[in-house]
Amino acid sequence: MDVLANPGPLKDIVLYDQEKHVSSAVWDGQERGALRCHEHTSKLGEWKLKPKQIELVERAGFGFLRRIPAISLDNPLISALVERWRRETNTFHFTVGEMTVTLEDIALLLGLGIDGKPVIGVTYTTCSAICERYLGEAPASNYASGGMVKLSWLKEKFSECEVDASFEKVERCTRAYLLYLVGSTIFSTTTGNKVPVMYLPLFEDFDDAGTFAWGAAALAFLYRALGNASVKSQSTICGCLTLLQCWSYYHLNIGRPKLNREPIHDHFPFVLRWKGKQNGPTANRDVVFYRKALDVLKPCEVEWLPYENMDGRFIPDHIRNSLQLGRSKTMLISFDKAERHLPDRCLKQFGLFQGIPEDVQRWVRKSRGVDGGVDLSVKMESELSEWEMRWENIVPDDVLGVDEADYMRWYLGITRKIVGRPISLSSEFQRTISNVRDILELAENFQIHDLDLERGNMISRIIGLAQDCLRDQVGVTATTESQQQIELGKRMRGKERVRRKGMGKRRKGIDPMEDYGGSEDESQFGPLVEVGQMHLPLSHTNSVYDGTHMYDAVTKVDDMELCDTIPQLPETQDIHKIEGSLLDDTDKSIEDSKLQEEIGVTNVLSGEEPTESYDVKKEDKESKAEDDDATKGFSDVSGEENANREEEDGTEMGESVAESSSLERRGENTVLA
């Protein structure tokens with residue numbers, strides 16, 4: 001089937017949530033632009049850790065994560081990857097097959113443990129008691145919200161520990177740092193600057209903290225964030241986006257920057273390889289650029305085994321011994337977030353042949369809600385049981401009889417082949433209208449004198465439908481063009497200053513952080529072309545067949561008749577009266593110069609010789625000398641202006657004619673003066 005007619009999935013047995021996915025909105029021309037990426041690593045370097053604190057951080061299992069610097073995020077690249085993420089399978093659906101971030105990736109890239117106890121515990125809706133217990137003081141009300149505390153408060157209070165501080169004080173400052181570290185990296189939230197305090201009890205004993213599977217929890221958190229961001233109504237993403245971006249750098253030759261090939265950058269963890277990255281040519285790359293690149297992704301642009309040539313001497317033993325869990329079909333847990341880890345859908349990432357995977361069992365994504373003091377381990381017994389069986393559910397590496405051609409035939413039937421349209425909606429619509437015009441021309445030239453009445457009426461019906469399609473486009477054209485001319489006329493009359501003030505106030509409600517995405521043919525900052533704005537001129541009228549001849553049922557409307565039905569605009573003198581009450585002397589002088597230019601253009605177009613300069617001051621004096629009735633006419637003229645403005649909103653073709661008539665009358669009045 002043609003991909004333009006149906007980009008997939010052809011069968012909804014796997015991707016059953018397609019209608020909610022962002023790719024559906026993109027296909028319909030609804031761009032959301034680049035996502036707002038929430039990761040708060042920029043101020044991690046401002047923490048001044050003492051040697052004793054560094055020792056405690058390493059015992060807690062975060063020694064490698066602490067060394068990872070802030071890496072500049074490529075928001076458009078991340079946004080394009082999200083458009084390929086499917087929460088039904090927790091994988092990216094690329095043209096070459098499914099891929100995902102696995103437990104092996106997070107262990108090698110971040111150096112976090114992927115084996116151990118699940119990261120789960122008790123939730124909290126207040127911060128005071130828990131912070132007082134583990135940090136020694138509670139935040140003020142303006143630094144806390146529900147069960148979350150601001151990162152700025154943690155840094156302000158605990159970023160520098162005194163040299164002669166007691167061991168209890170050192171532990172408290174270290175717990176605050178660990179909470180800041182996970183809240184700004186692996187567990188960053190869309191709030192922008194807060195972290196839940198529910199992680200604090202897990203840092204009570206630093207050696208016990210090192211026994212948790214923090215890498216598995218970070219991956220569960222990222223899976224949930226990717227799933228949420230893939231819904232078309234979302235505009236933000238959180239989680240460890242440094243992990244996601246560097247995973248893409250390793251696996252996909254798209255958006256990959258150049259590297260400084262210094263030996264230190266190949267040390268563990270492997271994210272450090274991009275620490276000294278040079279700026280690549282990414283300045284002008286938007287979501288559309290990366291989307292198109294992923295839509296035509298070739299097998300040669302994919303690195304299935306990017307770590308096989310990396311120096312493994314620096315990998316710690318406890319990490320190397322747990323890498324086999326990368327092929328474990330299990331449940332990843334991070335408090336209330338439980339996400340399936342399905343490496344059987346991405347076996348090429350382990351050097352294995354990919355066969356048709358098993359059906360994915362649907363599961364309910366549970367939410368913590370607002371309940372405080374709840375031990376989630378009681379509510380998530382089934383998920384915890386799956387995690388306990390992680391070593392028994394490793395996908396075998398001796399898969400035989402796999403035909404990857406069968407897999408690709410199956411995969412192309414269940415996946416979304418492309419996200420962006422190869423031909424933009426505007427081009428497709430233009431082509432459709434062109435075809436309608438061809439159909440209309442063929443129908444009108446069809447020989448009907450030998451047809452019976454029924455068939456002749458069918459031809460007439462075809463002509464009528466084609467004319468209706470084309471006529472609708474003319475209506476949109478007249479409305480759009482006349483509105484543009486009206487706005488231009490307002491600026492020429494000096495009213496744009498007043499109108500802009502009102503617009504500025506209304507625009508205060510617009511989110512300035514919301515990036516705008518253009519169509520597939522434009523950058524994300526280009527204009528969005530709606531289908532209803534496309535148009536072609538109407539070249540035919542309705543026809544009726546009576547069995548022998550074809551008659552025109554609609555006669556041409558004279559343009560002058562339309563002009564006669566439109567209310568007259570205020571004369572030039574009345575306009576000056578209105579503007580004289582709204583503008584100061586400086587604005588009047590600007591208005592006068594614009595009016596003189598306008599009059600000169602009118603005279604040149606009419607072929608008349610330039611008249612003497614228009615004395616605006618003289619006209620003002622004459623206006624002031626008029627009787628009280630003319631002065632009282634301000635409100636009447638304003639009412640007439642409001643009526644004209646309403647007429648501008650409702651009229652399709654007449655405004656532009658009325659506007660030009662108004663300009664001509666101004667020229668005539670000037671000549672008479």
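Look a little higher up for the structure.
Per chain, residue numbering runs from 1 following the sequence as it is written. This being a predicted model, a pLDDT of at least 70 is required before a residue's local features are given, and a value of 80 or more before pairs of side-chain atoms are given or counted; all residues contribute to the totals for chains, interfaces and linings. Side-chain metrics in this entry use all non-hydrogen atoms of the structure; hydrogen atoms and water are not considered.

(A) Examining the packing of helix H4 (residues 75-82) against helix H12 (residues 287-295) more closely. Note on definitions: angles span 0 to 180 degrees between N-to-C directions of axes, and those axes are lines fitted to C-alpha atoms, for helices only across the stretch in contact. To qualify as a helix, a DSSP run of H or I must reach at least 4 residues; to qualify as a strand, a run of E must reach at least 2; elements of each kind are numbered from the N terminus. Between H4 and H12, whose axes approach to 8 Å, the crossing angle comes to 45 degrees. Taken together, the axes of H4 and H12 are oblique relative to one another. By crossing handedness, the relation of H4 to H12 is classed as right-handed. Across the interface between the two elements, Pro76, Leu77, Ser79, Ala80 and Leu81 from H4 touch Val287, Tyr290, Arg291 and Leu294 from H12. Any angle between 65 and 115 degrees counts as roughly perpendicular, while under 35 counts as roughly parallel, over 145 as roughly antiparallel, and the rest as oblique. Each crossing is labelled by how the near helix is turned from the far one, with a counterclockwise turn of less than a right angle marking it left-handed and a clockwise turn marking it right-handed. By the convention used here, residues are in contact when the closest approach between their heavy atoms is within 4.5 Å.

(B) Spotlight on empty space enclosed by the protein. Think of a 1 Å grid over the protein atoms and nothing else: a 1.4 Å probe that fits but is trapped marks a cavity, an open set flanked by protein within 12 Å on at least five of seven lines marks a pocket, and residues with an atom within 4 Å of a point count as lining. Grid points are joined across faces, edges and corners, and a volume is the space filled by probe spheres set on the points. If you walk through the whole model with that rule in mind, you get seven cavities of 30 Å³ or more. Each pocket or cavity is described by its volume, and for the second largest cavity that value is around 70 Å³. Glu39, Thr41, Leu65, Ile68, Pro69, Leu110, Thr185, Cys240 and Thr242 together form the lining of the second largest cavity. For this classification, the nonpolar set comprises Ala, Val, Leu, Ile, Met, Phe, Trp, Tyr, Cys and Pro, the charged set comprises Asp, Glu, Lys and Arg, and every other residue, Gly included, is treated as polar. Here the residues of the lining of the second largest cavity are counted per class, giving five nonpolar, three polar and one charged.

(C) Focus on the packing of helix H7 (residues 151-158) against helix H8 (residues 167-184). Two elements in contact, H7 and H8, have axes separated by 10 Å at closest approach and are oriented at 150 degrees. The orientation of H7 relative to H8 falls into the category roughly antiparallel. The interaxial crossing formed by H7 with H8 has left-handed handedness. Within the contact between the two elements, H7 uses Leu151, Leu154, Lys155 and Phe158 and H8 uses Cys173, Ala176, Leu179, Tyr180, Gly183 and Ser184. Taken together, the residues of the contact of H7 with H8 break down into seven nonpolar, two polar and one charged.

(D) Broad picture of the sheet that holds strand E6 (residues 148-150). Between any two strands, pairing holds if DSSP finds at least two bridges. With antiparallel pairing, three strands are arranged side by side in an open sheet as E5-E6-E7. Sheet topology places strand E5 (144-145) and strand E7 (194-196) at the edges, where each strand pairs with a single neighbour. As judged from the two bridges shared by E5 and E6, these two strands associate in the antiparallel manner. Residue pairing across strands places alanine 144 opposite valine 149, the latter belonging to E6. H7 rests against E6 and E7 of the sheet, and its axis sits at about 60 degrees to E6.

(E) Spatial organisation of the sheet that holds strand E2 (residues 85-86). Taken together, three strands build an open sheet; the order of strands is E2-E3-E4 and the sheet is antiparallel. Unpaired on one side and paired on the other, E2 and strand E4 (97-99) mark the two borders of the sheet. Both E2 and strand E3 (residues 91-94) contribute to a ladder of two bridges, which runs antiparallel. Residue arginine 86 lies in a different strand from E3, and its bridge partner there is threonine 91. Together, E3 and E4 form the strand contacts of helix H16 (residues 404-414), whose direction differs from that of E4 by roughly 80 degrees.

(F) Inspection of the environment of tryptophan 214 at higher detail. Looking at where tryptophan 214 falls in the secondary structure, it is placed in helix H10 (residues 214-229). Distance in space between the C-alpha atoms of tryptophan 214 and glycine 113 is 5.8 Å, their sequence separation being 101 residues. Once residues lying within four places of it in the same chain are set aside, the contact partners of tryptophan 214 are Ala60, Phe62, Leu112, Gly113, Val119, Phe187, Leu202, Phe203 and Ala209.

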